[in-house]
Protein chains: 2
Amino acid sequence: MTDTGLPVGGSPLQQRLAAAAVELFYRQGAIATSVRQITEACGLTPGALYNHFESKDELLYTVVRDIHLRLESVLTAAVGAVAGDPVAELSAIVRVYVARHSDHRETARVANREFPLLTGAHYDEVVAIRRRLRDTVVDVLLAGQKKQVFDLVGGDDRTAAVLTALPILDMCVHISEWFHEHRPLSHAELEARYVGLALRMAGARTH
Amino acid sequence: MTDTGLPVGGSPLQQRLAAAAVELFYRQGAIATSVRQITEACGLTPGALYNHFESKDELLYTVVRDIHLRLESVLTAAVGAVAGDPVAELSAIVRVYVARHSDHRETARVANREFPLLTGAHYDEVVAIRRRLRDTVVDVLLAGQKKQVFDLVGGDDRTAAVLTALPILDMCVHISEWFHEHRPLSHAELEARYVGLALRMAGARTH
DNA sequence: CGCGTGAATGAACGCTTATTTACCCATGAT
DNA sequence: ATCATGGGTAAATAAGCGTTCATTCACGCG
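Residues numbered from 1 in each chain as written. Chains lettered and ligands numbered in written order. Predicted model: local features only at pLDDT ≥ 70, side-chain atom pairs only at ≥ 80, totals over all residues. Heavy atoms only, no water.

**Details of the protein's contact with DNA strand C**
Surveying the vicinity of DNA strand C reveals 16 residues, the closest of which are Thr45(A), His52(A), Val35(B), Tyr50(B) and Lys56(B). Protein-proximal atoms of DNA strand C, defined as those within 4 Å of the protein, fall in sugar or phosphate at a share of 72%. One of the side-chain nitrogen or oxygen atoms of Asn51(A) is found 3.2 Å away from a base nitrogen of DNA strand C. With respect to DNA strand C, the side chain of Lys56(B) contributes an N or O atom lying 3.0 Å from a phosphate oxygen. Tallied by class, residues from the surface near DNA strand C come to five nonpolar, nine polar and two charged. (Near = heavy atom within 4 Å. Polar contact = N/O pair within 3.5 Å; in protein donor to acceptor, adjacent residues only side chain to side chain. Nonpolar A, V, L, I, M, F, W, Y, C, P; charged D, E, K, R; others polar.)

**Thoughts on the environment of His174(B)**
Assignment of secondary structure puts His174(B) in the loop between α7 (158–173) and α8 (175–178). On the basis of relative accessibility, which here comes to 12%, the residue His174(B) falls in the buried class. Along the backbone, His174(B) and Arg109(B) are 65 residues apart, and their C-alpha atoms lie at a distance of 8.2 Å. Setting aside anything within four residues of it in sequence, one finds His174(B) in contact with Asp170(A) and His174(A). One polar contact links His174(B) to His174(A), side chain to side chain, over a distance of 2.9 Å. (Helix = DSSP H or I, 4+ residues; strand = E, 2+ residues; numbered from the N terminus. Buried < 20%, exposed > 50% of the residue type's maximum accessible area, 1.4 Å probe, protein only. Contact = heavy atoms within 4.5 Å.)

**Things to note about the relation of the copies chain A and chain B**
With an RMSD of 0.1 Å, chain A superimposes on chain B once it is rotated by 179° and translated 0.0 Å along the axis. Put plainly, the chains are arranged around a two-fold axis. Most of the interface of chain A is mirrored in chain B: 100% of its interface residues are interface residues there too. (Least-squares fit on C-alpha atoms with pLDDT ≥ 70 in both.)

**So, the packing of helix α3 (residues 56–80) of chain B against helix α4 (residues 86–103) of chain B**
Residue and element names in this part refer to chain B. Where α3 meets α4, the axes come as close as 9 Å, and the angle between the chain directions of the two elements is 150°. In terms of orientation, α3 lies roughly antiparallel with respect to α4. Judged by the twist between their axes, the crossing of α3 over α4 is right-handed. Of α4, the residues touching α3 (which contributes Arg 70, Leu 71, Val 74, Leu 75, Ala 78 and Val 79) are Glu 89, Ala 92, Ile 93, Val 96, Tyr 97, Arg 100 and His 101. (Axes fitted to C-alpha atoms, helices over the stretch in contact; angles between N-to-C directions. Parallel < 35°, antiparallel > 145°, perpendicular 65-115°, else oblique. Left-handed = near helix turned anticlockwise from the far one by under 90°.)

**A look at the interface of chain A and chain B**
Each partner contributes to the interface: chain A provides 29 residues, whereas chain B provides 29 residues. Summed over both sides, the interface between chain A and chain B buries roughly 2600 Å², with carbon and sulfur atoms accounting for 64% of that surface. Looking at the side of chain A facing chain B, the largest losses of area belong to Leu163(A), Arg193(A) and Arg200(A), adding up to 26% of the total buried there. On inspection of chain A and its partner chain B, the count reaches two salt bridges. Seen at the junction of chain A and chain B, the total is seven residue pairs in polar contact (both at pLDDT 80 or more). Within the residue set of the side of chain A that touches chain B, elements represented by two or more residues are α7 (158–173) and α9 (187–202) of chain A. Of the residues in the side of chain A that touches chain B, the class split is 17 nonpolar, five polar and seven charged. (Buried area = accessible area lost by both parts, 1.4 Å probe. Salt bridge = Lys/Arg side-chain N within 4 Å of Asp/Glu carboxyl O.)

Geometric values such as these leave the question of function open.
Encoded structure:
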């Protein structure tokens, strides 16, 4: 199963347009990318886009939402596979995030940088997904704290868990900002190191 | 000494224009902000901007560069004040970063989000500052590793130090993305928790 | 064969953009 | 008193934007 991290729904041409849009959004941002550029990348003229998407905004929404949903689906699968063991759950979360933000950093970066451009219900929907993603980590940390396998900085309340979850996610998400293929580091090794960092941040008991 | 984190050089009107630009760039991004909006915020018409800046691009460059230089100056002062003690140096770095990215998060966010828009020599100059900022952290980690007060994840080479410095900076920098005043947390407490996290990540010996 | 349909086209729309230009007016110096 | 100048304005410019429109083209079905 090859997983490019790109949106998968819709007709073949919708997929090609979405892929071209992601590529361009990644390189120059969504605002600076014109409908002309997107369609030209598919060998079409501007008007053709409107046979497949309602507007440029709806294309952006589709792309950003699908990337988020895809991450969520991969994440819940990975966490579910080791349910009940907070250390394993946190490790799985970090591995998924690192993989997606180094391997598919174009899509990841587009989703994270451009989602604030969405408006109204579209924005709310994506923000809700992001909150669910964050809460997944918070819940794992709280469960680990309760089982005394974690020792969070700043106490054992929810605030402490949030203020540990956010930095963990921040450091993983922003791999996509600096990761370049020429770095002499395999993805597996990067995952291992970040898992180590996250476990330290959570105060995981070393045994 | 009130420090807004805003650019300070230039004539009074240049400062007002720069401050208005930062405010607008923060809320809607530099590309989506028009010269009209910037000058209107100062009670002027668009053409007036060109009496004080060569172009919109040069205004962006000035703003972004000055914010970076200001952070660098504050940072080197804070590190220099505790030179020789890696734990204190790392703590000072994190405190400066947390303070600037929660207290002055408008300027911080503008600098971090918009700097890729710069081109040519302007871009190179800002990237050079950012590299110096990063290397400051790397050097502190390496010094601490050598003195055996740190125990880095992944060994004691420079790669291990870089791969610890980047996550530490990432988590600090991106406070500006989620920090809102209504969070029930004082800046001092946020600093303390982030210092705790960073020391854990560096494997600081607890004594 | 002829028709319906989905999809692409090229041209135009109305609007906004950054920037330039010509002009005007106050201030301060000679 | 005169003049230069810095800094403002309104207006013009050229380009680009997202989007719409009438038209055409190619294809599958009765």
